[in-house]
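Letter by letter, the chains look like this.
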Amino acid sequence: MTGKREDSRRADSRRYLCRWFRQAAIFCFWIFVWQFIAWRIDRPVFLVGPWETVQALLQLAGEWPFWQAAMVSLGRIGAGFGLAFLLGLLVGSLSYRFPFLEELLSPPVLLMKTVPVASFVILALIWAGAGRLSLVVSFLVVFPMIYLNTLAGLRAADRQLLEMAQVFRVPLLSRVRQIYRPALRPFLLSACQVALGMSWKSGIAAEVIGTPDHSIGEQLYMAKIFFDTENLFAWTAAVILLSFLFEKAVLLLLRRLM
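Treat the numbers as computed from the prediction; the structure is a model and nothing was measured.

Draft legend 1. Representation of the packing of aromatic side chains within the structure. Under the definition given, this model contains 12 aromatic pairs. Consider the rings of Phe81 and Phe85, whose centres lie 6.3 Å apart with planes at 20 degrees: the pair is stacked. Highlighted residues: Phe81 and Phe85, both in helix H3 (residues 64-97), separated by four residues, approximately one helical turn. For the pair shown, Phe81 and Phe85 are each scored as buried. Ring centres of Phe143 and Tyr147 lie 5.8 Å apart, and the angle between their planes is 15 degrees; this geometry places the pair in the stacked category. Of this pair, Phe143 and Tyr147 are both found in helix H6 (residues 133-155), four residues apart, which corresponds to roughly one turn of the helix. Note on Phe143: relative accessible area 8%, which makes it buried. A network of ring pairs unites the aromatic residues Phe81, Phe85, Trp200 and Phe246 as a single cluster.

Structure below.
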């Protein structure tokens, strides 16, 4: 029995290493393609290579305004996502319990899904101001994803188990933990994987339009004005890194909780 477990662990380790090397090779391939195109164009104002981008990013990372902008944008977008997640989960659960509430909320949820982000940004800029712009826009983009997937996950719960729990008068908390939570978990994880990236895309786009002080969007806007392509790529790389780390942290926390 022990030998089988050891063989299984070795096989898992080999699969993990193979997958890691394959992903690293794919990443290096596209970095090479990027560098080759930059060499061919040979005009830094249009396209800079990965090495120039890394240099610019390291130079920015040595200055306080970079970390200030990163923390401000992370705080606002993270707050918008967190608020949308909690309210989407709560309102979705209430809509599952009270079908009339779902019908009542269907028009505003449909508007959130279909209205272009640019329209949201302009309206939010008028209503909330530049300082809270990315928070509001991130919330409006994320909320319908969490709300609809919460409804779908709760409806996917096993009906036979629910009927059995009702017959034996299982407490509500136990039903939530033992029946609803396993059904809801894959829907929420899938929704968050999409919503986390969308929150950063919409939030940074909102900051570029509203240009609030001490934000990544303001730095991207200034780089565009001065045709500072190196800093434009460097700030874009910073957004990708922050979004990646934020996504991994949120998904890890969500998996632990569920």
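Draft legend 2. Highlighting the packing of H3 against helix H10 (residues 229-257). In the contact formed by H3 and H10, the axes pass within 11 Å of each other and the chain directions differ by 40 degrees. When the axes of H3 and H10 are compared, the pair comes out oblique. Here the hand of the crossing between H3 and H10 comes out right-handed. When H3 is examined against H10, the residues Phe66, Ala69, Ala70, Leu74, Gly78, Phe81 and Phe85 are found in contact with a partner set consisting of Trp235, Ala238, Leu242, Phe246, Val250 and Leu254. Its residues assigned to classes, the contact of H3 with H10 comprises 12 nonpolar, one polar and no charged.

Draft legend 3. Structural context of the packing of helix H4 (residues 99-114) against H6. Interaxial distance between H4 and H6 falls to 9 Å at its minimum, and their mutual angle equals 135 degrees. Viewed along their axes, H4 and H6 adopt a mutual orientation that is oblique. The interaxial crossing formed by H4 with H6 has left-handed handedness. Where H4 abuts H6, its residues Glu102, Leu105, Val109, Met112 and Lys113 lie against Leu140, Phe143, Pro144, Tyr147, Leu148, Leu151 and Arg155. The class makeup of the residues in the contact of H4 with H6 is nine nonpolar, no polar and three charged.

Draft legend 4. Quick look at the side chain of Ser73. Here Ser73 lies in helix H3. Separated by 2.9 Å, the side chains of Ser73 and Glu207 make a polar contact.

Draft legend 5. Layout of the nonpolar core. Ranked by size, the top nonpolar core spans 48 residues in total, and within it Phe81, Phe143, Cys192, Ile216 and Trp235 carry the most contacts. With 12 residues, the top contributor of residues to this core is helix H8 (residues 172-210). Once residues lying within four places of it in the same chain are set aside, the contact partners of Trp235 are Leu60, Phe66, Ala69, Ile216, Gln219 and Leu220. Among the nonpolar cores identified, the runner-up in size contains six residues, and Ala124, Leu133, Val141 and Ala206 belong to it.

Draft legend 6. The environment of Lys201, seen in detail. Tracing the chain through its elements places Lys201 in helix H8. Taking the C-alpha atoms as reference points, Lys201 and Val141, 60 residues apart in sequence, are found 9.9 Å from one another.

Draft legend 7. Region of the structure containing helix H5 (residues 117-128). Counted at 1.5 Å a residue, the expected span for H5 with its 12 residues is 16 Å, and the 15 Å between its end C-alpha atoms agrees. For H5, the set of buried residues is Phe120, Val121, Ala124 and Ala128. Along the axis of H5, the buried residues cluster in a sector spanning 100 degrees; they form a single face. Elements that come into contact with the buried residues of H5 comprise H4, H6 and H8. A positive phi of about 85 degrees marks Gly129, the residue just after H5.

Draft legend 8. Examining the pattern of salt bridges more closely. What the rule picks out here adds up to one salt bridge. The closest approach of N and O atoms between Glu102 and Arg155, which form a salt bridge, is 2.4 Å. Of this pair, Glu102 sits in helix H4 while Arg155 is found in helix H6, placing the two residues 53 residues apart along the sequence. Taking the relative accessible area as the measure of exposure, Arg155 reaches 40% and is therefore partly exposed.

Calculation criteria
- Residues numbered from 1 in each chain as written.
- Predicted model: local features only at pLDDT ≥ 70, side-chain atom pairs only at ≥ 80, totals over all residues.
- Heavy atoms only, no water.
- Phe/Tyr/Trp six-rings, centres within 6.5 Å; stacked < 30°, edge-to-face > 60°.
- Helix = DSSP H or I, 4+ residues; strand = E, 2+ residues; numbered from the N terminus.
- Buried < 20%, exposed > 50% of the residue type's maximum accessible area, 1.4 Å probe, protein only.
- Axes fitted to C-alpha atoms, helices over the stretch in contact; angles between N-to-C directions.
- Parallel < 35°, antiparallel > 145°, perpendicular 65-115°, else oblique.
- Left-handed = near helix turned anticlockwise from the far one by under 90°.
- Contact = heavy atoms within 4.5 Å.
- Nonpolar A, V, L, I, M, F, W, Y, C, P; charged D, E, K, R; others polar.
- Polar contact = N/O pair within 3.5 Å; in protein donor to acceptor, adjacent residues only side chain to side chain.
- Core = buried A, V, L, I, M, F, W, Y, C linked by side-chain atoms within 4.5 Å.
- Expected span 1.5 Å × (residues − 1).
- Arc of directions from axis to C-beta.
- Salt bridge = Lys/Arg side-chain N within 4 Å of Asp/Glu carboxyl O.

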